[in-house]
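# Descriptive analysis of the structure
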Amino acid sequence: MAKTYVYKRDHVNTDEIIPARYLNTDDAAELATHCLEDLDPEFVNKVQPGDVIVAGDDFGCGSSREHAVWAIQGAKVGAVVAHSFARIFYRNCINNGFYPIELPGAVDKIHDGDEVEVDYKLGVIHNKTQNKDIPFKALPDFALEIINHGGLLEHIKKQ
Amino acid sequence: MPMTITEQIFARAAGKQAVEPGDLVNAKIDMIMCHDVTTPPAISMLKQHGIDRVFDLEKLAVTPDHFQPAKDIKSAELHKRLDTWAKEKGIRHYYPIGKAGVCHALLPEQGHIRPGEVIVGGDSHTCTYGAFAAFSTGIGSTDLAAAIATGQLWFRVPESMKFTLSGHLPHGVYSKDVVLEVIRRIGTDGALYKAIEYVGPALKEMSMEARMTITNMAIEAGGKNAIIGFDETTKQYLEGRLKGKQDYTVFESDPEAKYCFEDTIDCDKLEPLVAYPHLPSNGKPISECAGEVMDQCYIGSCTNGRIEDFRIAASVMKGKQVKIRTLIVPTTPTVWRQANDEGLLNIFYDAGCVISAPTCGACLGGFMGVLGAEEKCVSTTNRNFVGRMGHPTSEVYLCNPATAAASAVEGKLADPRKYM
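These numbers were taken from a predicted model, which means no experiment stands behind them.

A pair can form between side chains of opposite charge whenever their charged atoms are brought close. Residue and element names in this part refer to chain A. Applying the stated criterion across every chain, the model contains 33 salt bridges over all chains. Between Glu37 and Arg21 there is a salt bridge, with its nearest N and O atoms 3.3 Å apart. Linking Glu37 in the loop between helix H2 (28–32) and helix H3 (43–46) with Arg21 in the loop between helix H1 (14–17) and H2, this pair joins segments that are 16 residues apart in sequence. Of the residues examined, Glu37 reaches a relative accessible area of 21% and is grouped as partly exposed.

This is how it looks when you write it as structure tokens:
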């Protein structure tokens, strides 16, 4: 069962997700050991595969570094749910086959530590702790197609 | 249908008569900027996927900048991957160390930016090139790989916001203050997914260097791109500078073009601003700053590291001593040489500054001036996020080059106007 880590703030930026001092590598496993380091230094010790990050508006703002997405994927985070996403980060998620879940009010609907399950087909987050189903808006079809192909380059090869 | 410049560029690049905000288009890419952090991963991805080709050797400009000269073994390996690939492929516009510079200063200076084109780069501040009436935006490594191999990318045509810059910039107030004021007003996501178009008489009085400071920081408001129309200043800057293709298309926004938001900045009323930690939107007029004590001053970066910026800083520092460690980082070899020829480097040396090779370095907390715990830096850069220039408890105060220089002289946030 996936556990949630809720960060009740806006503008969680790429410098916090993966500080530039670690950009001298593009190895996802190594980046993962520093995931969210400047936001929550304990995160990497707590997170279990499939766990979910929840935050406010403008998640992933700042740099174009795709290392932010690779660090999150490398840490085996199951999903990121945010009120809104910064543009480049959002695009980088889709290009890596990682579904950015846009959910206004997420930090109030999901509490830190809630156990959740994401159903991408139905577009629903099952909040097991609160026994609630929270719907989210599906991505546009072309983005879903990229994600279903496993990322942009796989998508290009299949076209 | 009336269109903004951004919409007209997309229509041209997508081979359509017209586009409107929200349209998804497949756009042809005219120029790609590649640097040492985001390009090596793109190269590896292309190899992994067996699509290891470059769509047009003329349409890439490649330079190491973030960690150049190599700061450690790992970054040296990144540079090797970039260098090997650029040579193997025969990239026409490759700037290895000695020619290398901070990408967003280097590409315009070396004549790779043309009006009317679609330009992408693996760096969020790629929006800088919008100062040349081009569409330009930052992308990640996967998009970069796709663009390098295919020469096209999908885009959603953005809505446009319009800022009119009226009046004249007062003494000691610069284009940096204009863009800090814009971000102060609309917030760091106030332009999310949108184009920001700048017009107005104050803009007409600005050099290309000053305009690039404004477009550079569009991303700090969440913007997709910023754009400034073509005029005589643009034309003069480009003359004799363009590499390769000499012709370009000038697009102008139609008078009836639609904007989702309009605002006016009365430049006469601006004063130097300082953006407090930890968001670029935390701008405060210098007269309201309480003289916070600083540990370091940084003058450089793709935002304010061009020759004009060093002229401004030198005019404040001339004949004075700095009270805090002060880093002068010319962004390109040409800027370095010019600052030297004009005697600016001597002024900085005499004032007690340290002068660095062109690099992004400390702006992103990489190297060459990283901050320790709880240190404060007054900086001409673009971001003041938590840990941006070093330790997570360090702080960055963003400002124009004159304010940075005056603050270096006093060792605390200081109003530059009394030195000018």
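Next up on the list: the domain arrangement of chain B. All names here are of chain B. Per the domain assignment, the segments of chain B are domain 1 (5–265) and domain 2 (273–419). Here the C-alpha centre of domain 2 lies 24 Å away from the C-alpha centre of domain 1. On the side of domain 2, 37 residues touch domain 1, which itself brings 39 residues to the contact. With both chains or domains summed, domain 1 and domain 2 bury close to 3000 Å², and 62% of this area falls on carbon and sulfur atoms. At the junction of domain 1 with domain 2, the criterion picks out one salt bridge.

Another point: the sheet that holds strand E3 (residues 79–82) of chain A. Residues and elements named next belong to chain A. Taken together, seven strands build an open sheet; the order of strands is E4-E3-E2-E1-E5-E6-E7 and the sheet is mixed. The sheet is open, and its two borders are formed by strand E4 (100–102) and strand E7 (132–135), each paired with just one other strand. Across the sheet, the mean angle separating the axes of adjacent strands is 30 degrees when strand polarity is ignored. Bridge analysis of strand E1 (residues 2–7) against strand E2 (residues 52–55) gives four bridges, and the strand direction is parallel. When the sheet's bridge partners are listed, Tyr5 is paired in E2 with Ile53.

On to the packing of aromatic side chains. The final tally for this structure, using the stated rule, is 18 aromatic pairs over all chains. Between Tyr5 of chain A and Phe43 of chain A the ring centres are 5.4 Å apart and the planes differ by 80 degrees, which places this aromatic pair in the edge-to-face class. Taken as a pair, Tyr5 of chain A in strand E1 and Phe43 of chain A in helix H3 lie far apart in primary sequence, 38 residues in all. Residues Phe142 of chain A and Trp154 of chain B carry aromatic rings whose centres are separated by 4.6 Å and whose planes lie at 70 degrees to one another, so their mutual orientation is edge-to-face. Taken together, the positions of Phe142 of chain A in helix H7 (residues 141–149) and Trp154 of chain B in strand E7 (residues 152–156) put the pair across two chains. A relative accessible area of 22% means that Phe142 of chain A is categorised as partly exposed. Counting every residue linked through ring pairs, the aromatic cluster contains Phe59, Phe85, Phe89 and Tyr90 of chain A together with Tyr193 of chain B. Stacked on the ring of Trp154 of chain B, the Lys or Arg Arg91 of chain A has its end atom at 3.9 Å from the ring centre. Taking the ring centre of Tyr276 of chain B as reference, the NZ or CZ of Lys284 of chain B above it sits at 4.4 Å.

All names here are of chain B. Tallying each qualifying case throughout the model produces four cavities of 30 Å³ or more. The calculated volume of the largest cavity comes to roughly 220 Å³. Residue lining of the largest cavity: 26 residues in total, with His66, Asp123, His125, Leu364 and Arg388 positioned closest to the centre. Of all the secondary structure elements, the ones that give two or more residues to the lining of the largest cavity are helix H4 (103–109) and helix H10 (301–304). The class makeup of the residues in the lining of the largest cavity is nine nonpolar, 12 polar and five charged. Within this model, the second largest cavity holds a volume of roughly 100 Å³. Its residues assigned to classes, the lining of the second largest cavity comprises eight nonpolar, five polar and three charged.

What follows concerns the interface of chain B and chain A. Counting residues at the interface gives 48 residues for chain B, matched by 40 residues for chain A. Contact between chain B and chain A buries roughly 3700 Å² in total, counting both sides, with carbon and sulfur atoms accounting for 58%. Scanning the region where chain B abuts chain A turns up four salt bridges. Scanning the region where chain B abuts chain A turns up 20 residue pairs in polar contact (both at pLDDT 80 or more). Among the secondary structure elements, those contributing two or more residues to the side of chain B that touches chain A are helix H2 (39–48), helix H3 (73–89), strand E6 (135–138), helix H5 (141–150) and E7 of chain B. The greatest single-element share of the side of chain B that touches chain A, amounting to six residues, is contributed by H5 of chain B.

Now for the sheet that holds strand E9 (residues 195–199) of chain B. Residue and element names in this part refer to chain B. Sheet architecture is open: four strands sit in the order E10-E9-E8-E11, paired in parallel fashion. Each end of this open sheet is capped by a strand with a single partner; those strands are strand E10 (225–228) and strand E11 (261–266). In this sheet, neighbouring strand axes are inclined to one another by 20 degrees on average, regardless of whether the strands run parallel or antiparallel. In this structure, E9 lies alongside E10, joined through four bridges in parallel fashion. Paired with Ala195 across the bridge in E10 is Asn225. Those strands touched by helix H6 (residues 175–186) are strand E8 (160–166), E9 and E11, and its axis lies near 135 degrees from that of E11. Of the strands in this sheet, E8, E9 and E10 touch helix H8 (residues 208–216), which is tilted by about 150 degrees from E10.

Note: predicted coordinates in regions of low pLDDT should not be interpreted at a detailed level. Across chain B, the average pLDDT comes to 98, with 100% of residues at 70 or higher. Predicted complex metrics record ipTM = 0.95 and pTM = 0.97.

Residues and elements named next belong to chain B. In this structure, Pro69 follows Gln68 across a cis peptide bond, with omega equal to -5 degrees. Within the element layout of this structure, Pro69 appears in the loop between strand E3 (60–62) and H3. Its identity as a non-glycine residue notwithstanding, Met368 has a phi of 60 degrees, on the positive side. For Met368, the position within the fold is in the loop between strand E16 (354–355) and strand E17 (376–379).

Another point: the pairing of strand E14 (residues 296–300) of chain B. All names here are of chain B. Most of E14 sits inside the fold, with five of its five residues counted as buried. Here E14 shows two buried faces, one formed by Gln296, Tyr298 and Gly300 and the other by Cys297 and Ile299. Sheet topology places E14 next to E17; three bridges connect them, and they run parallel. Residue pairing for E17: Gln296 is matched across the bridge by Cys377. Sheet topology places E14 next to strand E15 (residues 325–329); five bridges connect them, and they run parallel. Within the sheet, the bridge partner assigned to Gly300 lies in E15 and is Val329.

Cut-off values and rules
- Residues numbered from 1 in each chain as written.
- Chains lettered and ligands numbered in written order.
- Predicted model: local features only at pLDDT ≥ 70, side-chain atom pairs only at ≥ 80, totals over all residues.
- Heavy atoms only, no water.
- Salt bridge = Lys/Arg side-chain N within 4 Å of Asp/Glu carboxyl O.
- Helix = DSSP H or I, 4+ residues; strand = E, 2+ residues; numbered from the N terminus.
- Buried < 20%, exposed > 50% of the residue type's maximum accessible area, 1.4 Å probe, protein only.
- Domains from an automatic or database assignment.
- Contact = heavy atoms within 4.5 Å.
- Buried area = accessible area lost by both parts, 1.4 Å probe.
- Pairing = 2+ DSSP bridges.
- Axes fitted to C-alpha atoms, helices over the stretch in contact; angles between N-to-C directions.
- Phe/Tyr/Trp six-rings, centres within 6.5 Å; stacked < 30°, edge-to-face > 60°.
- Lys NZ or Arg CZ within 6 Å of the ring centre and 35° of its normal.
- 1 Å grid on protein atoms, 1.4 Å probe; cavity = no way out; pocket = protein on both sides within 12 Å on 5 of 7 lines; lining within 4 Å.
- Points joined across faces, edges and corners; volume = space filled by probe spheres on them.
- Nonpolar A, V, L, I, M, F, W, Y, C, P; charged D, E, K, R; others polar.
- Polar contact = N/O pair within 3.5 Å; in protein donor to acceptor, adjacent residues only side chain to side chain.
- pLDDT = per-residue confidence, 0-100.

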